[in-house]
Amino acid sequence: MKKMLLTLTSFAAMISSFAQDCSQLFISEYVEGFGNNKAIEIYNPTASAINLSEYFLIRFNNGTTIMKPYGQYQSNVIQLPNTMLQPYTTYVVVLNRTEANETSSDPAVWQELRALADVLLCESYDESNAMNFNGNDAVCLAKGSAANANSPSTVLIDLIGKLGEDPGGNGTGGWSTVYPYNFSSGDPNDVPVTLNHSLIRKSSIKKPYADLDAEVFNPLLEWDSIPASLPKRDENGDIIYQQDGVTPQWVGNWSSLRWHACECDPNAHVNGMNLDNVKLFPNPTTGVFSLTGLENVETIEIFNTVGQLIDSISNNTKSTVSFDLSGHSGAVMIKITDLAGRSATQKLIIK
């Protein structure tokens, strides 16, 4: 096994060194939220559609460097579905934990996060726990077969974290903001940003990171970090508390999921919108919702699941718009288009 890992390390490092910009899939967002609120967003920076079934995800938990192929008990890998990811678009994987398969110690993923998923994976921890990562677990995108994960043909494409390192130890920390970036500096300003946070790939990053020989992993070198959850606030901006009057109610901070701004997109800087600034909330909703960050958005269209147009705004000049779809229920798709014709789509759930 050690010999195999050395082979993969050398090969992956070579791929990282010589990979050209905008030529390979990479992880564009990482969500490590409270409980089981875990998600990975994958972005296609190329000009061609890519079949995701040729790729799989790996969770290297607590400093391990071992891959357990799919089919073994408590495998730490999972194959991605057979679907074509179109150029300059994203695919969101969320942990498959719902009310139907939750337990008292293994709670359901919040409905708001599940609503943003393209697929739910890892229904059973014992079958595969690749999506059960915590802030101290390295997460990797690989090309190959999850059932033959240790094959010499496996290529480690993209990596969050440092293999063989357990930052903070025992799940209490994560990769952080002060050198050596593993929550061990003792500096009071050292903050773990892979624990209870989301990481969003910077728009200037055009290729994956797979330097398995790096001395340290600096999470803010290629990523921006935001809290995965925020205190819920009322219309006046005041925090809403639980019945004890002390503990805030929490909401997911996931409006950046399902779209990614990247300089690989040829239209990204032609009067283009910054998708990281566009926010859709609340999601799910009872019907009334708003979009903000629309300074460069010209058209907003809302479609039902069969592609019928429900509502739209053309020649938009406002930074914030609101809609009332109280007469509808289920899923609808919100499509926004900027002045350059660049579009992005996000799913909204109406209760």
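My aim in this report is to walk through the structure given alongside it, one point at a time. Everything quoted here is computed from the prediction, not taken from an experiment. (Residues numbered from 1 in each chain as written. Predicted model: local features only at pLDDT ≥ 70, side-chain atom pairs only at ≥ 80, totals over all residues. Heavy atoms only, no water.)

1. Digging into the pairing of strand β10 (residues 155-160)
Now for step 1: Of all six residues in β10, six are buried, a share of seventy percent or more.
Now for step 2: Across five bridges, the pairing between strand β9 (residues 138-143) and β10 is antiparallel. The residue of β10 that forms the bridge with L141 is D158. (Buried < 20%, exposed > 50% of the residue type's maximum accessible area, 1.4 Å probe, protein only. Helix = DSSP H or I, 4+ residues; strand = E, 2+ residues; numbered from the N terminus. Pairing = 2+ DSSP bridges.)

2. Quick word on the pattern of salt bridges
Now for step 1: Applying the stated rule across the entire model yields 10 salt bridges.
Now for step 2: Among the ionic pairs, D118 bridges to R258, the shortest N-O distance being 3.2 Å. Here R258 lies in the loop between β14 (250-252) and β15 (279-281) and D118 lies in the loop between α2 (111-114) and β8 (119-121), a separation of 140 residues in the sequence.
Now for step 3: A relative accessible area of 33% places D118 in the partly exposed class.
Now for step 4: Among the residues examined, R258 registers a relative accessible area of 14% and is labelled buried.
Now for step 5: For D224, the salt bridge is made with K202, and the minimal N-O distance between the two is 2.8 Å. With a gap of 22 residues between them, D224 in strand β12 (residues 223-227) and K202 in the loop between β11 (197-201) and β12 connect regions that are remote in the sequence.
Now for step 6: Residue K202 is classed as partly exposed on the basis of its relative accessible area of 22%. (Salt bridge = Lys/Arg side-chain N within 4 Å of Asp/Glu carboxyl O.)

3. A short note on the sheet that holds strand β16 (residues 288-292)
Now for step 1: If you walk across this open sheet you meet the three strands as β15-β16-β19, and the pairing is antiparallel. The sheet is open, and its two borders are formed by β15 and β19 (320-324), each paired with just one other strand. Looking at each pair of strands side by side, their axes are set apart by 15° on average, direction ignored.
Now for step 2: Examined bridge by bridge, β15 and β16 share three bridges and lie antiparallel to one another. From the neighbouring strand, F281 faces β16, where its bridge partner is S290. (Axes fitted to C-alpha atoms, helices over the stretch in contact; angles between N-to-C directions.)

4. So, empty space enclosed by the protein
Now for step 1: The final tally for this structure, using the stated rule, is one cavity of 30 Å³ or more.
Now for step 2: Considering the residues around the largest cavity, the lining is formed by L159, G161, K162, L163, Y209, D211, L212, A214, V216 and F217.
Now for step 3: Of the residues in the lining of the largest cavity, the class split is seven nonpolar, one polar and two charged. (1 Å grid on protein atoms, 1.4 Å probe; cavity = no way out; pocket = protein on both sides within 12 Å on 5 of 7 lines; lining within 4 Å. Points joined across faces, edges and corners; volume = space filled by probe spheres on them. Nonpolar A, V, L, I, M, F, W, Y, C, P; charged D, E, K, R; others polar.)

5. Regarding the environment of F303
Now for step 1: For F303, the position within the fold is in strand β17 (residues 297-303).
Now for step 2: As a C-alpha pair, F303 and I334 span 31 residues in sequence and 6.7 Å in three-dimensional space.
Now for step 3: Contact partners of F303, with chain neighbours within four places excluded, come to Q308, L309, I310, V332, M333 and K335. (Contact = heavy atoms within 4.5 Å.)

6. A closer look at the pairing of β16
Within a regular strand, the side chains alternate between the two sheet faces.
Now for step 1: Burial analysis of β16 places four of its five residues in the buried class, which makes it a mostly covered element.
Now for step 2: Two successive antiparallel strands, β15 and β16, enclose a turn made up of six residues, where G287 displays a positive phi of approximately 145°.
Now for step 3: Taken together, the five bridges between β16 and β19 define a ladder with antiparallel strand orientation. Looking across to β19, one finds that T292 is bridged to T320.

7. Digging into the packing of aromatic side chains
Now for step 1: Across all of its chains, the model carries eight aromatic pairs by this definition.
Now for step 2: Seen from their ring centres, Y179 and Y181 are 5.7 Å apart, and the 80° between their planes marks the pair as edge-to-face.
Now for step 3: You can call Y179 partly exposed: its relative accessible area is 48%.
Now for step 4: Pairing F289 with F323 gives two aromatic rings, centres 5.4 Å apart and planes at 20°, and the pair type is stacked. Note that F289 is positioned in strand β16 and F323 in strand β19, a separation of 34 residues in sequence. Neither F289 nor F323 differs from the other in exposure class; each is buried.
Now for step 5: An aromatic cluster is defined as three or more aromatic residues linked by ring pairs; in this entry it consists of W175, Y209 and F217. (Phe/Tyr/Trp six-rings, centres within 6.5 Å; stacked < 30°, edge-to-face > 60°.)

None of this, on its own, says anything about what the molecule does.
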